Amino acid sequence: MTSTGTIYQQPRIAARPGETIVTSTCGHNCGGRCVVNAHVADGRIVKISTDPGRWTPELPPLPACARGVGQIERTYHPDRLKYPMRRSGPRGSGQFERIPWDEALDTVAREMLRVRERYGNAAILDASRSGSLSMLHGRSAAKRFLHMFGGCTDLWSNMSAEAEIFAVHMTFGAKADYKSAGREPTDYVNSKLIVMWGWSPADGTFGTGTQRYLKWARQKGVRIVCVDPRRTRTSTALADEHIFIRPSTDAAALIAMAYEIVRAGLHDQAYCDRHVLGFDDQHLPPDAPAGASYRAYLMGERDGVPKTAEWASQITGIPADTIRRLAIEFATSKPAALHCGYAPGRTAFGEQFHRAAYALAAITGNVGIVGGNSGSSNGATGRAGIRSLPTGSNPIDARVSSPLLADLLARGKAGGYPADIKLIYSAGGDLFNQAPNAGKIAASLDGVEFVVAQDHFLTPTARHADIVLPATTFWERNDVHTPWAGAGHYAIFMKQAIAPMFECRNDIDIFADLARRVGIADYNDTAELDWLRELTRDAVDDFDAFMDKGVARFPAPSDAVAFAQQIRDPDHHKFSTPSGKIEVYSMAMAARPDPYGLGTMPPIPTWIEPQEHDARYPLSLCSPKSRARTHSIHGNQSDLARVDPDDVWLNTADARARGVRSGQLVRIFNEHGATILPAKVTDRIAPGVVAIKEGAWFAPDADGIDRSGCANALSADRSAPCGATTYNTNHVQVELVSAAPA
């Protein structure tokens, strides 16, 4: 331990003779930040192990899941990109020929300069993403280069959590960071009740060790209730009660809970009077219209519709008595903690779900108190002061909400977008697979003149590239990473284990060479370790020990629960909202109800009915995480796939009506496309709902039918008003493959 209280740990066993062991963490957008140790012999990784420590709540180990151990299969996969390649067949065919690095980079530089000169920088789209993710290498390197090149069209919204990011800013303030707006897992045990809403850390991982802390809380007597369209692994293992709900209806259930609490007089009026803006008419901004408060909305004073449990039951499928009982239990079990996942916010009006959750936590007085929670499932620590590679700002104002990628490519300027996209640069991104409406994306590339993919494999995106550049994996370079969900106060040094394989190069080095070719003189003149020393200097006081040991454990935050200072001492610590309070009535939203031109939003949490769906597609689709993939990463690993095989979950009654049995191949289809999967008939999913795990690689046949189970073959390319994706507001039909048209 150092003088600052930082502990440097070596989370690995002693090496055997002839072997070295180095510590790292998976360099992807995974829900964990776990220890993966590479056992290296003769320059090759021969084994991957993880943190061998025993669990204690004060200093828990950071064990990896199957995906972490599966990194050895990924590193030495026969399909690794080995050298630069140029497309030699039709786009999407996967036909490429090998070329030298100089020729590849010269071609990319020439095309970038040509497109900039002829069409302007907005015609260049940054499609880089989080497939290679850490503080130095990966997407930040791409953004730094493209910004220095003069800018690009930016897909600005967070595809996982934009609804929560927006709602946190509107409710708790512009300076509130969504990754530190929740609480540390060490506080779970202080709750009397935890309601997990659309949140399953045992399926997708949501902070390393989160599931173990929930188990500890359960052992200490904390009651756990799960609300989800599926009975998840977390619910099965830990929940005292599971409540099924229809996808996209979560805001209605939360609003009805608030109504039942207020009707029974169980809200915390004193807390609201002091800390909350807009709960009632007495605490509205001076310029707000009469009857604009949340309470007035709940009681139906303006629209004549009280938001009762019966009202919500018709929308959500949850029995009214269950909604009422859960509401009363939440209000009378203080401290109670509401933990919301991102999935219910990936809906047509996802911002309303998160804002309704934060409002429920606020009016019951549970925000900022020990054992309570804001409604966010993230932690309270954030990055602990560790920074990422500076990217600068985009010199041009060309921003498009990420879920609109397919429409941007299809319509460009004619659709009101900043430009017709002529060049796409994708570093560590697989947006052609992960953005909604994969079939439309593939069909909308005719006007794109040049595509560059910088990756580890020939992904569905890279298959459409004109030039493919092979990048190193995290095992082949040094880097640093921090807890994914802001939960836990530590950092991991990602120590290089092996030399770069084949002709693979680091992302930052590729961009440095490109920068010289396009006339950028100062892209990078700093060595890798010097960068890492600089980026960690505000948190790490002994960089050499950090690099050697592998894990830096920082002192715990003074408050394990976000916004504790604001609640404890509101006179000196105000929320960064315009009013300085928790804004159930958002002054920012009242002033700018349509900030992005994507649709107006009311200043209070409101139930907004999604658009009517086509009756030909009666089943709601949800797309949970796969334990065998991190989004589309690992999607080509056959050994790892056995951990969580791809299938479509179908309720027993829905399967019976269609003559479907478990294991039979079915066609899942709608107006956007179709995919084929084996059916899993189960009562662990709500009636009228199907589930396909996201991230399978889009692989359409000659008829355009996806054969791999890609959920985005079925998703609409639309955006929520806040910019969020709407993966969980889609509808499909299911039929036996034998009954499908030839």
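Going by the structure above, here's the rest.
Anyway, here's the lowdown on the structure attached to this text. Keep in mind that what you see is a predicted model, and the values were worked out from it rather than measured.

### Digging into the nonpolar core
Nonpolar side chains tend to gather and get buried jointly when the protein is soluble and globular. Ranked by size, the top nonpolar core spans 88 residues in total, and within it Phe172, Trp197, Tyr294, Leu338 and Ile582 carry the most contacts. Counting residues per element, this core draws most heavily on helix α9 (residues 250-263), at 11 residues. Sequence-distant contacts of Phe172, defined by excluding residues within four places in its chain, comprise Ala167, Tyr358, Val367, Ser374, Phe563, Phe575, Ser576, Thr577 and Ile582. Counting 50 residues, the second largest nonpolar core, distinct from the first, contains Leu105, Met135, Cys152 and Tyr425.

### Some thoughts on the packing of aromatic side chains
According to the stated counting rule, one finds 24 aromatic pairs in the structure shown. Here Phe474 and Trp475 contribute two aromatic rings whose centre-to-centre distance is 4.7 Å and whose plane-to-plane angle is 40 degrees, an arrangement assigned as tilted. Here Phe474 and Trp475 have matching classes, each one buried. Considering the side-chain rings of Tyr617 and Phe669, the 6.1 Å spacing of their centres and the 90 degrees angle between planes classify their relative orientation as edge-to-face. Of this pair, Tyr617 sits in the loop between α22 (587-591) and β22 (619-622) while Phe669 sits in strand β24 (residues 665-669), and the two are 52 residues apart along the sequence. An aromatic cluster of at least three residues, connected via ring pairs, comprises Phe145, Phe149, Tyr425, Phe511 and Tyr523. The side chain of Arg116 reaches across the aromatic face of Phe149, ending 4.2 Å from its centre. For the cation-ring pair, Lys307 lies above Tyr297, with the distance from its terminal atom to the ring centre recorded as 4.1 Å.

### Some remarks on the layout of surface pockets
Sizing a probe to match a water molecule and rolling it over the atoms shows the empty space that remains. When its volume is computed, the second largest pocket comes out at roughly 490 Å³. Every residue lining the second largest pocket is counted, 23 residues in all, and those nearest its centre are Cys65, Pro201, Ala202, Thr205 and Gln211. Secondary structure elements with two or more residues in the lining of the second largest pocket: α1 (66-69), α6 (201-204) and α7 (210-219).

### Remarks on the packing of α9 against helix α13 (residues 320-332)
Relative orientation of the contacting elements α9 and α13 amounts to 65 degrees, with a least axis distance of 8 Å. Judged by the sense of rotation from one axis to the other, the crossing of α9 with α13 is right-handed. From α9, Ala253, Ala256, Met257, Glu260, Ile261 and Arg263 reach across to α13, where they touch Ile323, Arg324, Leu326, Ala327, Ile328, Phe330 and Ala331. Across the contact of α9 with α13, the residue classes break down as 10 nonpolar, no polar and three charged.

### Some details on α7
Residues spaced three or four apart along an α-helix point in a common direction, a consequence of the helix completing one turn every 3.6 residues. Restricting attention to buried positions, one finds in α7 the residues Thr210, Tyr213, Leu214, Trp216 and Ala217. In an axial view of α7, the angular spread of the buried residues amounts to 155 degrees, which keeps them on one side of the axis. Immediately beyond the C-terminal end of α7, within one or two residues, lies Gly221, with a positive phi of roughly 100 degrees.

### Describing helix α12 (residues 309-316)
Extensive coverage of α12 is indicated by the burial of six of its eight residues. Of all the positions in α12, only Ala309, Trp311, Ala312, Ser313, Ile315 and Thr316 are classed as buried. Elements that come into contact with the buried residues of α12 comprise α9 and α13. In the segment just after α12, Gly317 is the residue with positive phi, at about 85 degrees.

### Some points on the side chain of Thr472
Tracing the backbone shows Thr472 in the loop between β17 (467-470) and β18 (479-481). When near neighbours in sequence (up to four residues on either side) are disregarded, Thr472 contacts Arg80, His456, Arg477, Pro500, Cys504, Arg505 and Asn506.

### Topic: unusual backbone geometry
Between Lys334 and the following residue, Pro335, the backbone shows a cis peptide bond with an omega angle of 0 degrees. With respect to the helices and strands, the residue Pro335 is situated in the loop between α13 and β13 (336-340). In the Ramachandran plot, Phe502 falls in the positive-phi region, its phi being about 50 degrees despite a non-glycine side chain. Take Phe502: its relative accessible area is 49%, and that puts it in the partly exposed class. Despite not being glycine, Phe563 has its phi angle at roughly 70 degrees, a positive value. Looking at where Phe563 falls in the secondary structure, it is placed in the loop between β20 (551-553) and α21 (564-568). What makes Phe563 buried here is its relative accessible area of 11%.

Scoring rules and cut-offs
- Residues numbered from 1 in each chain as written.
- Predicted model: local features only at pLDDT ≥ 70, side-chain atom pairs only at ≥ 80, totals over all residues.
- Heavy atoms only, no water.
- Core = buried A, V, L, I, M, F, W, Y, C linked by side-chain atoms within 4.5 Å.
- Buried < 20%, exposed > 50% of the residue type's maximum accessible area, 1.4 Å probe, protein only.
- Helix = DSSP H or I, 4+ residues; strand = E, 2+ residues; numbered from the N terminus.
- Contact = heavy atoms within 4.5 Å.
- Phe/Tyr/Trp six-rings, centres within 6.5 Å; stacked < 30°, edge-to-face > 60°.
- Lys NZ or Arg CZ within 6 Å of the ring centre and 35° of its normal.
- 1 Å grid on protein atoms, 1.4 Å probe; cavity = no way out; pocket = protein on both sides within 12 Å on 5 of 7 lines; lining within 4 Å.
- Points joined across faces, edges and corners; volume = space filled by probe spheres on them.
- Axes fitted to C-alpha atoms, helices over the stretch in contact; angles between N-to-C directions.
- Left-handed = near helix turned anticlockwise from the far one by under 90°.
- Nonpolar A, V, L, I, M, F, W, Y, C, P; charged D, E, K, R; others polar.
- Arc of directions from axis to C-beta.

Remember that the coordinates give geometry; whether it matters functionally is a separate question.
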